[in-house]
Amino acid sequence: MPDRAAADLLAHLAAGPQPVGGVNGTRAAADAFTAAWQQRTGRAARLRTHLTLYRLAELTPPDPAPRGRARTATAADRALLVEWWGAFARESGGEPHGHARSVDDRLGYGGLTLWEAGGRPAAFAGVSRTAGGMAKIGPVYTPPELRGNGYAAGATAAVSRGALASGAGQVLLFADAANRTSTALYERLGYRPVGEHRRYDFPPSP
């Protein structure tokens, strides 16, 4: 989006009945829109998330493989998945509640995979339905006390492999650009950065 178009869009939205609460998009477009908002209002925006968009080039399973195995989650795992999805959202700056509907939707088509170690769930990864030849991985979450064992890598590799098997020509995911642990993991699995996205929150007028 050209800077001029971002400013024009802001002017159009600002003339509406609802306040403009923020922006989410590619880095250049989000930065241009935010700069126009700050110039218009004289207030400072808050950067909420800075994400890197990755696309799978060639899947490289973790080596050595983590202990355990992947399995498709079922309705019996629902409560745990709702809890873990909320924990993931909390850590990533999102709303920790209200994710039951997303869990139910993913369970309906086998879109959530658990990594089990020692017979117990240790991590999970989700994948969207394949649409237009594309599938998106996420969320990916491991409880803090179980991190450092490769469980998220195992789960991510499993859902990535499943997306390719379902016919996805492109497999994408977003990762926190500041979290080198997760970005390095995805790069080891064969994901390559293709762009940056930012989300800004705009505080209401005093």
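Up top is the structure these notes are about.
Keep in mind it's a predicted model, so treat the numbers as computed, not measured. (Residues numbered from 1 in each chain as written. Predicted model: local features only at pLDDT ≥ 70, side-chain atom pairs only at ≥ 80, totals over all residues. Heavy atoms only, no water.)

Asks: Could you give me a rundown of the packing of helix 1 (residues 3–14) against helix 2 (residues 27–41), with the residues and numbers involved?
Replies: Angle between the axes and distance between the axes: these two values describe a pair of packed helices. At a closest axis distance of 8 Å, the pairing of helix 1 and helix 2 adopts a crossing angle of 55°. Taken together, the axes of helix 1 and helix 2 are oblique relative to one another. Viewed along their axes, helix 1 and helix 2 form a crossing whose handedness is right-handed. Note on element contacts: helix 2 touches helix 1 through Ala32, Phe33, Ala36, Trp37 and Arg40, opposite Asp3, Ala6, Ala7, Leu9, Leu10, Ala11, Leu13 and Ala14. (Axes fitted to C-alpha atoms, helices over the stretch in contact; angles between N-to-C directions. Helix = DSSP H or I, 4+ residues; strand = E, 2+ residues; numbered from the N terminus. Parallel < 35°, antiparallel > 145°, perpendicular 65-115°, else oblique. Left-handed = near helix turned anticlockwise from the far one by under 90°. Contact = heavy atoms within 4.5 Å.)

Asks: Break down the pattern of salt bridges for me, with residues and values.
Replies: Counted under the stated rule, the structure contains 14 salt bridges. Close ionic contact of Arg4 with Asp8 constitutes a salt bridge, the shortest N to O distance being 2.8 Å. Residue Arg4 and its partner Asp8 are located together in helix 1, separated by four residues, close to a single helical turn. Assessed through its relative accessible area of 42%, Asp8 is described here as partly exposed. Of the charged contacts, one joins Arg199 and Asp201 as a salt bridge, the two residues approaching to 3.8 Å between their closest N and O atoms. Taken together, the shared-partner salt bridges in this structure form one network comprising Arg27, Asp31, Glu196 and Arg198. (Salt bridge = Lys/Arg side-chain N within 4 Å of Asp/Glu carboxyl O. Buried < 20%, exposed > 50% of the residue type's maximum accessible area, 1.4 Å probe, protein only.)

Asks: With reference to specific residues and values, describe the environment of Thr142.
Replies: With respect to the helices and strands, the residue Thr142 is situated in the loop between strand 6 (134–141) and helix 5 (151–165). Separated by 114 residues in the primary sequence, Thr142 and Ala28 have C-alpha atoms spaced 32 Å apart. With residues up to four places along the chain from it excluded, the contact list for Thr142 reads Ala122, Ala123, Arg147 and Ala152.

Asks: Help me get a handle on the side chain of Asp77, residues and values and all.
Replies: Here Asp77 shows up in the loop between strand 3 (69–72) and helix 3 (78–91). Here the side chain of Asp77 touches Arg71 through a polar contact of 2.8 Å, side chain to side chain. Sequence-distant contacts of Asp77, defined by excluding residues within four places in its chain, comprise Arg71 and Leu114. (Polar contact = N/O pair within 3.5 Å; in protein donor to acceptor, adjacent residues only side chain to side chain.)

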